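# Coordinate inspection notes
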Amino acid sequence: MKISEHVNHTYQLYKLRAEDIHKWIDGYFDRESFEIFLISGRTPDYNPYDHRKFRHCREALQDAFEEFSHKYTKAQIRQVFECHIKDDYDNYIPSREDFTNGNFSEKYHEEEEHSEPILTSKELTRYFKGLYYGRNNNKRPRDKGFFLRIVIPATVAMFLFVTSVFFIILPLFHQSLLSEKEEMIMEISSVAVSILDYYISLEKEGNLTGVDARQAAVDEIRKLRYGPENDNYFWITDMHPFMIMHPWRTDLEGTDLSEFRDSQNVSGKRLFMESVTLVNEEGGGFLEYLWQLGEESNRIVPKLSYVYRVEPWNWIIGTGTYIHDVEDEISRLTFQLIYVFLGISFLLIILLAYMVIQSRSIEKNRRQAEAGLIEAKERYRALVEASNEGYILMMEQKNVFCNTNLQKMTGYSEDEILSNSVWEKLFPLTARRGSLETHLKNLETGNPVPDEFEAALHCRTGGVVDVIVRISRIFLSNDNGQVISIRPISRSTPNDSLFPDPGFMNVSGSLHEQISVSKNGSQIVRSLNQLPDLVRSMLRYSAEPEKIREFISDIYTTAVRKIIDLSIEEMDEPPVPFSFLSLGSSGRKEMTLFSDQDNALTFQTDKTGEELEKIRIYFLNLAHRVCSRLNQAGFSYCPGGIMAVNPAYCLSETEWKNKYKEWISTADNTSLLDIHVFFDISQTWGKEPLAENLQNHIFKLCSDKPEFLVHFARNCLEYKPPLSILGNVKTEERDGADVVNIKECLIPLVNFVRIFSLEYQIYETSTLGVFCK
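Everything quoted here is computed from the prediction, not taken from an experiment.

## Thoughts on the overall build of the protein
The helix and strand tally for the protein stands at 28 helices and 16 strands. By the burial criterion, 44% of the 773 residues in the protein qualify as buried. A fraction of 61% describes how many contacts in the protein between residues 6 or more apart in sequence connect residues 24 or more apart. As presented, the protein carries roughly 42,100 Å² of accessible surface, and 53% of it is formed by carbon and sulfur atoms.

Here you go:
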């Protein structure tokens, strides 16, 4: 995995990138390490990569604490460290002993992508042959690329943002403020109109004469005020128009307003004539014009008014509000935005200048690192030449280097070994068998698998030498490569116990026996580490999937039982009878190599209070030993915390029965998402039938409350097919490949089988087993 992939994985799990920790774990050729390398490199048999394995083992966690405790908490450092190492070593954290005894080889990781390889394959070939490395180190024209990639996009984005604010957002804001004022004065006008309607009705009923009704209405409208300072008012004209009433311009009352304009200018708006035209055409509407501000006759400002026709009396009633405050607000906001954009532009210029400086600094460091890497590779070449093993370096499916020891061993010249036909000479087609043929095909196709195996090496003289061939991946520049080491051995009878006939019965028995006779947890973990290779072998022999799942589940069960037995020997005897329960895929015996832990613990006691908690503490300690060992072996902790080490799932028999009663009694479609795994129960360890008692209790609860199964069924139906809008199967990206989440697709099927087994009280937990019932 690349550093960036490690970083993305920890961010997905813990929302923590911690790139510096990842680089520390995989780090080499940094300045400090390189100086150490220059000194140590003069020591015979020194391997410049050796220090990495001391950061790839569990003992290095304490060093990580000391290195990063000033920046991260211990919990965060542990999470990042364990996630990184598990990603590299198939969900296992090796110990230093694993490296020193040869069980593990430190992983070499792919570097991040660069715009240009540090060394091309052609240059690698030249320098491994001892030829001069002469790259043109003239300064590259990076400034132009920086300007095109950074400066222009940033400037265009800034321009578009400013344009959108001034020509789209501000006009919309202005229109919104005006709309609010229009709505306000229209609603207030309805109050004055209702007063006029009241007096019109009094006139129609004969309670008031026409003159009295009009005068009373005018008097009341004259008194109306509204607004924050009660400075807004109503006026009344007729359809000629003559001014009937104006509370602040009494000098206009009774005068002809036909030629009245909103300014002294001849081009001023004849606002009262326009109001007549407006109410004749539409019955009412809005007018914008200029008017004195309140009682300040010398100050003319924009005003927005609403006029409405009162039909029986042929009056026009109007009211308005000043809108100069809207224009003032827009102007104020505009100036503020101008100052903000000037500030942002200034900061952007500083940031771009800083990026230019940093870019030049990075380029300088890159050149220093390039020079250091070349020196390091030269020293590594010297070490390879001094080795007593034969080595071939492959880059891009081509042999680019072989050491002199391999030439002496085989009798072939350097040119012959570096030719593409060398593998047919060293390992003739007629002599290829088993893994040798597979590995050589993988080498020819560019997809080698790191491994170590025995083979017969054919020399130029016709002799045959038994050798151990080790294929290791390396990463130089941006290219994947392989180092093939060949070490002579004496022929010995191969041990076929791990790879028997396709039935794999001996495989299971052998691994079961190894686990059963283990004397401590470390031996169990080492035995379980064989599981991935055994499963891969079963897949090569086309073993049936259900047999593989059953094999993994049986090995898991055997390991759990042995870990519990060893833990009990180290602890006191259990205070009460108990059962260790497997849940989920382990409970159904449908485990894969990617299954995590789903387990629980139940014990039999009638104690309460402090006595109950003392018993629980014992079993929590026991569960901690079991779960931690399983985690070390690759069966990772359950992300949802469904494990016996969780006090919520380490309960007495009575507590479990009460918990199931609560779940089933109060279940709904949402809660079932979290508890359905608890209905796959199998007893992994225990002398009492506690799991069977618990299963019988669940059957009785479901029988007494059948609507629970209805909720369960509805929950199943909520799962949607993983299809896109266009009907294509949705995929997820994992390790750079698009994959289908088959487990998610199978959940509805598994849940329906759960419902069936609960309905008909079937004790079988495996999905296929229920179908067979």
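## Focus: the pattern of salt bridges
Counted under the stated rule, the structure contains 22 salt bridges. Between R249 and D251 there is a salt bridge whose closest N-O contact spans 3.1 Å. Of the charged contacts in the structure, one is a salt bridge between D704 and K700, with a shortest N-O distance of 3.0 Å. Of this pair, D704 and K700 are both found in helix α25 (residues 690-704), four residues apart, which corresponds to roughly one turn of the helix. For the pair formed by D704 and K700, the shared burial category is exposed.

## A short note on the packing of aromatic side chains
Under the criterion given, the structure shown has 26 aromatic pairs. With 6.4 Å between their ring centres and 15° between their planes, W423 and F427 make a pair best called stacked. The same class applies to W423 and to F427, which are both buried. Among the aromatic side chains, those forming a connected cluster through ring pairs are Y649, W656, Y660, W663, F678, F679, F708 and F712.

## What about the nonpolar core?
Among the nonpolar cores identified, the biggest contains 43 residues, and F578, F603 and F619 are the most heavily contacted of them. The set of elements that each furnish at least two residues to this core consists of α17 (505-516), α18 (521-528), α19 (531-540), α20 (545-570), β11 (578-582), β12 (599-603) and α22 (609-632). Per element, the largest residue contribution to this core is eleven residues, and it comes from α20. Leaving out residues up to four positions away in the same chain, F578 has contacts with I564, I568, L601, T602, F603, F619, L622, W685, G686, K687 and L690. Counting residues in each nonpolar core, the second largest holds 32 residues, with Y660, I681, F699 and L709 among its members.

## Quick word on the pairing of strand β1 (residues 234-238)
Side-chain direction in a regular strand flips from residue to residue, so the side chains alternate between the two faces of the sheet. Within β1, five of the five residues are buried, leaving the element largely enclosed by the surrounding structure. Looking at chain direction, β1 and strand β5 (residues 315-322) are connected through five bridges and run antiparallel. Across the sheet, I236 pairs through a bridge with I317, a residue of β5. Bridge analysis of β1 against strand β2 (residues 243-245) gives two bridges, and the strand direction is antiparallel. Paired with T237 across the two strands is M243, which belongs to β2. The loop that links β1 with its antiparallel partner β2 comprises four residues.

## Here's the deal with α22
Over its 24 residues, α22 runs 34 Å from end to end, which matches the ideal 34 Å to within 8%, given 1.5 Å per residue. G634 lies just past α22 and shows a positive phi near 110°.

## Remarks on the side chain of H22
Mapped onto the fold, H22 is located in helix α2 (residues 19-26). H22 gets classed as buried once you look at its relative accessible area, which sits at 0%. Reaching out from H22, the side chain makes a polar contact with the side chain of T10 at a distance of 3.3 Å. Those residues in contact with H22, other than ones at most four positions away along the chain, are I3, H6, V7, T10, R17, V80 and H84.

## A closer look at a nonpolar patch on the surface
Together, L723, V729, V740, I742, L746 and L749 give the surface a local cluster of nonpolar side chains, amounting to about 510 Å² of exposed area. Relative to the helices and strands, V729 resides in the loop between α26 (707-717) and β15 (732-734).

## Focus on the pairing of β12
Of all five residues in β12, five are buried; the element is thus mostly enclosed. Of the two faces of β12, the one carrying N599, L601 and F603 and the one carrying A600 and T602 are both buried. Here five bridges tie β11 to β12, and the two strands are oriented antiparallel to one another. Across the sheet, the residue bridging to S579 is T602, located in β12. Here β12 runs beside strand β13 (residues 650-652); their pairing, made up of three bridges, is parallel. Paired with F603 across the bridge in β13 is S652.

## Some points on the state of the cysteines
Enumeration according to the criterion identifies zero disulfides in this entry. Left unpaired, C650 is separated from the closest cysteine sulfur, that of C627, by 9.7 Å. When its relative accessible area of 0% is taken as the criterion, C650 is described as buried.

## What about the packing of α26 against helix α27 (residues 742-759)?
Look at α26 against α27: their axes get within 9 Å of each other, and the N-to-C directions meet at 165°. Between α26 and α27, the interaxial angle falls into the category roughly antiparallel. The way α26 lies across α27 gives a crossing that is left-handed. Contacts between α26 and α27 pair F708, L709, F712, A713, N715, C716 and L717 from the former with P748, N751, F752, R754, I755, L758 and E759 from the latter. Counted by class, the contact of α26 with α27 contains ten nonpolar, two polar and two charged residues.

## Comments concerning the sheet that holds β13
A sheet is described by the order of its strands in space; here four strands give the open sequence β13-β12-β11-β14, paired in mixed fashion. Because the sheet does not close on itself, it has two edges, and the strands there are β13 and β14 (682-686). Each adjacent strand pair in this sheet contributes to an overall mean axis angle of 30°, direction not counted. The strands touched by α25 within the sheet are β11, β12 and β14, with β11 carrying the most contacts at an inclination of about 65°.

## Let's talk about the environment of R222
The residue R222 is located in helix α10 (residues 210-223) in this model. A relative accessible area of 27% places R222 in the partly exposed class. C-alpha of R222 to C-alpha of I236: the two residues are 14 residues apart in sequence and 9.2 Å apart in space. Each residue touching R222, except ones within four places of it in the same chain, is listed here: M245, H246, P247, T250 and E253.

## Focus on unusual backbone geometry
Here the residue pair H240 and P241 is connected by a cis peptide bond, since its omega of 15° sits within 30 degrees of zero. Of note, P241 is situated in the loop between β1 and β2. Of note, the phi angle at K589 is positive, near 60°, even though the residue is not glycine. Looking at the secondary structure, you find K589 in the loop between α21 (584-587) and β12.

The rules we used
Residues numbered from 1 in each chain as written. Predicted model: local features only at pLDDT ≥ 70, side-chain atom pairs only at ≥ 80, totals over all residues. Heavy atoms only, no water. Helix = DSSP H or I, 4+ residues; strand = E, 2+ residues; numbered from the N terminus. Buried < 20%, exposed > 50% of the residue type's maximum accessible area, 1.4 Å probe, protein only. Contact = heavy atoms within 4.5 Å. Areas by Shrake-Rupley, 256 points an atom, 1.4 Å probe, with all protein chains shown as cover. Salt bridge = Lys/Arg side-chain N within 4 Å of Asp/Glu carboxyl O. Phe/Tyr/Trp six-rings, centres within 6.5 Å; stacked < 30°, edge-to-face > 60°. Core = buried A, V, L, I, M, F, W, Y, C linked by side-chain atoms within 4.5 Å. Pairing = 2+ DSSP bridges. Expected span 1.5 Å × (residues − 1). Polar contact = N/O pair within 3.5 Å; in protein donor to acceptor, adjacent residues only side chain to side chain. Patch = residues over 30% accessible without salt bridge, like charges linked within 9 Å, V, L, I, M, F, W, Y side chains within 5 Å. Disulfide = S-S within 2.5 Å. Axes fitted to C-alpha atoms, helices over the stretch in contact; angles between N-to-C directions. Parallel < 35°, antiparallel > 145°, perpendicular 65-115°, else oblique. Left-handed = near helix turned anticlockwise from the far one by under 90°. Nonpolar A, V, L, I, M, F, W, Y, C, P; charged D, E, K, R; others polar.

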